[in-house]
Amino acid sequence: GATASKDSLSGGLLYMVSATSRFSQKLGNSTTVTLVNMFGKIEDYTLDVKGYDIEYGLKNNVFKNGLEVRQKLSEKTALTIFGYDTRYTGSDLYVDFYDEVGFSFTKYFSKDSFFTGIDFTASYTFGDNYKAYRAGFSLLF
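Summarised in this report is the structure supplied together with it. (Residues numbered from 1 in each chain as written. Predicted model: local features only at pLDDT ≥ 70, side-chain atom pairs only at ≥ 80, totals over all residues. Heavy atoms only, no water.)

1. Brief notes about the side chain of Ser123
Link 1 in the chain: Relative to the helices and strands, Ser123 resides in strand E9 (residues 117-127).
Link 2 in the chain: Among the polar contacts made by the side chain of Ser123, one reaches the side chain of Glu100 at a distance of 2.8 Å.
Link 3 in the chain: Ignoring sequence-local partners within four residues, the contact set of Ser123 consists of Phe82, Glu100, Val101, Gly102, Ala132, Tyr133 and Arg134. (Helix = DSSP H or I, 4+ residues; strand = E, 2+ residues; numbered from the N terminus. Polar contact = N/O pair within 3.5 Å; in protein donor to acceptor, adjacent residues only side chain to side chain. Contact = heavy atoms within 4.5 Å.)

2. A word on the pattern of salt bridges
Link 1 in the chain: On inspection of all chains with the given rule, the structure shows three salt bridges.
Link 2 in the chain: The shortest N-O distance in the salt bridge between Glu68 and Arg22 comes to 2.7 Å. Highlighted residues: Glu68 in strand E6 (residues 59-72) and Arg22 in strand E2 (residues 10-27), separated in sequence by 46 residues.
Link 3 in the chain: By relative accessible area, Glu68 is classed as buried at 11%.
Link 4 in the chain: A salt bridge links Arg134 to Glu100; its shortest N-O distance comes to 2.9 Å. (Salt bridge = Lys/Arg side-chain N within 4 Å of Asp/Glu carboxyl O. Buried < 20%, exposed > 50% of the residue type's maximum accessible area, 1.4 Å probe, protein only.)

3. Description of the pairing of strand E8 (residues 97-108)
Link 1 in the chain: The pairing of strand E7 (residues 77-90) with E8 spans 11 bridges and is classified as antiparallel. Paired with Thr77 across the two strands is Lys107, which belongs to E8.
Link 2 in the chain: Between E7 and the antiparallel strand that follows it, E8, lie six residues.
Link 3 in the chain: Bridge count for E8 against E9 is 10 bridges, and the pairing is antiparallel. Counted as the bridge partner of Lys107 is Ile118 from E9. (Pairing = 2+ DSSP bridges.)

4. Section: the environment of Val101
Link 1 in the chain: Looking at where Val101 falls in the secondary structure, it is placed in strand E8.
Link 2 in the chain: The spacing of Val101 and Thr125 is 24 residues in sequence and 6.6 Å in space, taken between C-alpha atoms.
Link 3 in the chain: Leaving out residues up to four positions away in the same chain, Val101 has contacts with Phe82, Gly83, Ala122, Ser123, Tyr124 and Phe126.

Remember that the coordinates give geometry; whether it matters functionally is a separate question.
Written out as structure tokens, the structure reads:
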């Protein structure tokens, strides 16, 4: 990835590696509870342009933990409610942590379709000095 700031006329290249685990437990025939955990490492990549080093100086660990509850509404529809907590350690950032709550509504198509379904997701993210809203559609394969 890349990052830049027009205010400070700076930029840099970033890389991230992460590992995610998901543990799901069925509760009855139509409800599934999933525990989500993620650890990631984000660092910048030093660029050398004609003897001038560009180094953003970013080195962070990312921890994300959350819970998802998925309820089948019918044979072809499902509703998932989720909540995640994300925290950063390492370099100083404007936002050190944030929480996200939201839902996904999934509609499945017939098994003969190229796309297996469509998913609508909406969420609210909040933290110290930070608020965001997100909505989106996804095609499922």
